[in-house]
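Observations on chain architecture
Each chain is listed here by its residues.
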Amino acid sequence: MTEVRRPPASGSRFLYEPFEYGPAQIREVHEKLLDLKFSGIDGRLLRIESMIERLERRLWLTVYGVVATILAQAIRSLLTLTPNGGM
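Notes on the structure follow. (Residues numbered from 1 in each chain as written. Predicted model: local features only at pLDDT ≥ 70, side-chain atom pairs only at ≥ 80, totals over all residues. Heavy atoms only, no water.)

**Some remarks on the overall build of the protein chain**
Convention followed: Secondary structure elements follow DSSP: runs of H or I no shorter than four residues count as helices, runs of E no shorter than two count as strands, and numbering proceeds from the N terminus. Three exposure classes are used, based on accessible area relative to the maximum for each residue type with a 1.4 Å probe and protein chains only: buried under 20%, partly exposed in between, and exposed over 50%. We get accessible surface area from the Shrake-Rupley algorithm with a probe of 1.4 Å; when it comes to residues, only the shown protein chains can shield them.
The number of helices and strands found in the protein chain is one helix and zero strands. Taken across its 87 residues, the protein chain has 1% of its residues classed as buried. When the accessible surface of the protein chain is split by element, carbon and sulfur atoms take 64% of a total near 9,400 Å².

**Regarding the packing of aromatic side chains**
Here is the rule we go by: The aromatic pairing rule takes the rings of Phe, Tyr and Trp, using the six-membered ring of Trp, and pairs them if the centres are within 6.5 Å, calling planes under 30 degrees apart stacked, those over 60 edge-to-face and the rest tilted.
The full count for this structure, using the stated rule, is one aromatic pair. Ring centres of W60 and Y64 lie 5.9 Å apart, and the angle between their planes is 35°; on these two criteria the pair is classed as tilted. Of this pair, W60 and Y64 both sit in helix α1 (residues 23-81), four residues apart, roughly one helical turn. According to the relative accessible area criterion, Y64 is exposed, its value standing at 53%.

**A short note on the pattern of salt bridges**
Defined as follows: We define a salt bridge as a contact between a side-chain nitrogen of Lys or Arg and a carboxyl oxygen of Asp or Glu at a distance within 4 Å.
As enumerated under the stated definition, the model contains one salt bridge in all. Between K32 and E28 there is a salt bridge; the shortest N-O distance is 3.5 Å. Of this pair, K32 and E28 are both found in helix α1, four residues apart, which corresponds to roughly one turn of the helix. The class of K32 is partly exposed, set by a relative accessible area of 49%.

**Concerning a negative patch on the surface**
Applied cut-off: Patches in this entry comprise residues that are over 30% relatively accessible and not in a salt bridge; like charges within 9 Å are linked, as are nonpolar side chains (Val, Leu, Ile, Met, Phe, Trp, Tyr) within 5 Å. His is not counted here, nor are the chain ends, while Lys and Arg score as positive and Asp and Glu score as negative. For charged residues, the charge sits on one atom: NZ in Lys, CZ in Arg, CG in Asp, CD in Glu.
Judged by side-chain charge, D42, E49, E53 and E56 come together as a negatively charged surface patch. Tracing the sequence through the fold places E49 in helix α1.

**Some details on a nonpolar patch on the surface**
Together, L34, F38, I41, L45, I48 and I52 make up an exposed nonpolar region whose accessible area comes to about 540 Å². Along the polypeptide, L45 turns up in helix α1. Exposure remark for L45: the relative accessible area of 45% places this residue in the partly exposed category.

Printed below as a string of structure tokens:
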């Protein structure tokens with residue numbers, strides 16, 4: 001029979017020994033996490049702003065199209081009312 005080898009028991013299952021963090025290290029890590037969160041939020045806000053700008057352009061194009069259609073119909077109706085307009 002073959003014998004199963006086990007790793008030597010070191011007393012800890014982690015690679016490094018645990019140590020205590022000081023207030024300065026905790027504050028530094030907290031600031032780094034906040035910077036990451038705010039940079040993510042900033043990126044999302046930039047994407048939202050660009051989407052709103054594209055939507056606004058589309059909205060204005062729609063408004064201009066509706067106004068152009070109404071004006072074209074008004075001009076057409078004016079041309080049909082004049083006696084020599086429909087040549």
